[in-house]
Amino acid sequence: INNLEQRVKEFIGHSKIFLNKLLAVFNMLFGQNFPDAFFHKAREWAEQEFGKDDILSQHLEKHANFIILVINLRNASEHRDSFLALTIDNFRLDAMGNLYEPMMSLKGENKKNNVNYNIDLSVKTSLEQLFETLLSFGELLVVCMLSKKFPDHFPWQILQIPADKIRQEVPLNYQVGIN
């Protein structure tokens, strides 16, 4: 695949930008000023403001490790002085003629987040999962934020779309209906 490494790194970079933009919306709605993808600070604030059992707090907690992974992938891909190493291998053929799919690996330790990585992943599978998780995380986060910010003026009902009704070309999990 032409320019596979560059394409993967760009996708990872855009994933972090997506998280930054989501947090910017959070900051705007709740009058906060958390910097780039500091969702742990947003989670701490939400727990203090709404409680640990609140859906917004729980949603941020549920995705905490995912957010750390995205940030660590981005740091490993953009910062050579990172303690993490990201390698991306294209299709390869071994001496026996076996063809192997593109793989990526993340290795190293991020002491700041107390995370140690030694993972090898299929590029296709991992980017698909990253994309789907970003979309579902962002979608429900926006719904949670709007329902918290405008509880008395939120005239819509949030409905979960049944799994068999989700369209692959537009993989939304929720739809808005009028109360």
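Let us look at the structure shown here.

Conventions adopted
Residues numbered from 1 in each chain as written. Predicted model: local features only at pLDDT ≥ 70, side-chain atom pairs only at ≥ 80, totals over all residues. Heavy atoms only, no water. Axes fitted to C-alpha atoms, helices over the stretch in contact; angles between N-to-C directions. Helix = DSSP H or I, 4+ residues; strand = E, 2+ residues; numbered from the N terminus. Parallel < 35°, antiparallel > 145°, perpendicular 65-115°, else oblique. Left-handed = near helix turned anticlockwise from the far one by under 90°. Contact = heavy atoms within 4.5 Å. Nonpolar A, V, L, I, M, F, W, Y, C, P; charged D, E, K, R; others polar. Expected span 1.5 Å × (residues − 1). Polar contact = N/O pair within 3.5 Å; in protein donor to acceptor, adjacent residues only side chain to side chain. Pairing = 2+ DSSP bridges. Core = buried A, V, L, I, M, F, W, Y, C linked by side-chain atoms within 4.5 Å. Buried < 20%, exposed > 50% of the residue type's maximum accessible area, 1.4 Å probe, protein only.

With that out of the way, let us pick up the packing of helix 4 (residues 64-78) against helix 5 (residues 123-149). Contact geometry of helix 4 with helix 5 gives a least axis separation of 12 Å together with a crossing angle of 125°. Our classification of the angle between helix 4 and helix 5 gives oblique. Judged by the twist between their axes, the crossing of helix 4 over helix 5 is left-handed. Between helix 4 and helix 5, the contacting residues are Phe 66, Ile 67 and Val 70 on the first element and Leu 130, Thr 133, Leu 134 and Phe 137 on the second. For the contact of helix 4 with helix 5, the per-class residue count stands at six nonpolar, one polar and no charged.

Moving on: helix 5. Compared with an ideal rise of 1.5 Å per residue, which puts 27 residues at 39 Å, helix 5 spans 38 Å between its outermost C-alpha atoms and is within 8% of the ideal. Two or three places before Lys 124, at the start of helix 5, stands the capping residue Ser 122, its side-chain oxygen 3.4 Å from that residue's backbone nitrogen.

With antiparallel pairing, the three strands of this open sheet are ordered in space as 1-4-5. Two strands in the sheet have a free side with no partner beyond their single neighbour: strand 1 (84-89) and strand 5 (115-122). Adjacent strand axes in the sheet meet at a mean angle of 5°, parallel and antiparallel pairs treated alike. As judged from the eight bridges shared by strand 4 (residues 103-110) and strand 5, these two strands associate in the antiparallel manner. By the bridge assignment, Asn 110 is partnered in strand 5 with Val 115. Across the sheet, helix 1 (residues 4-30) touches strand 1 and strand 4, and the angle it forms with strand 1 is around 130°. Along the sheet, helix 5 makes contact with strand 1, strand 4 and strand 5, crossing strand 5 at roughly 115°.

Time to look at the nonpolar core. Phe 26, Phe 39, Leu 56 and Leu 60 are the most contacted members of the largest nonpolar core, which has 40 residues in total. Elements with a contribution of two residues or more to this core: helix 1, helix 2 (39-50), helix 3 (55-62), helix 4, strand 1, strand 4, strand 5 and helix 5. When residues no more than four places from it in sequence are discounted, the contact partners of Phe 39 are Leu 19, Leu 22, Leu 23, Leu 60, Ile 67, Phe 137 and Leu 141.

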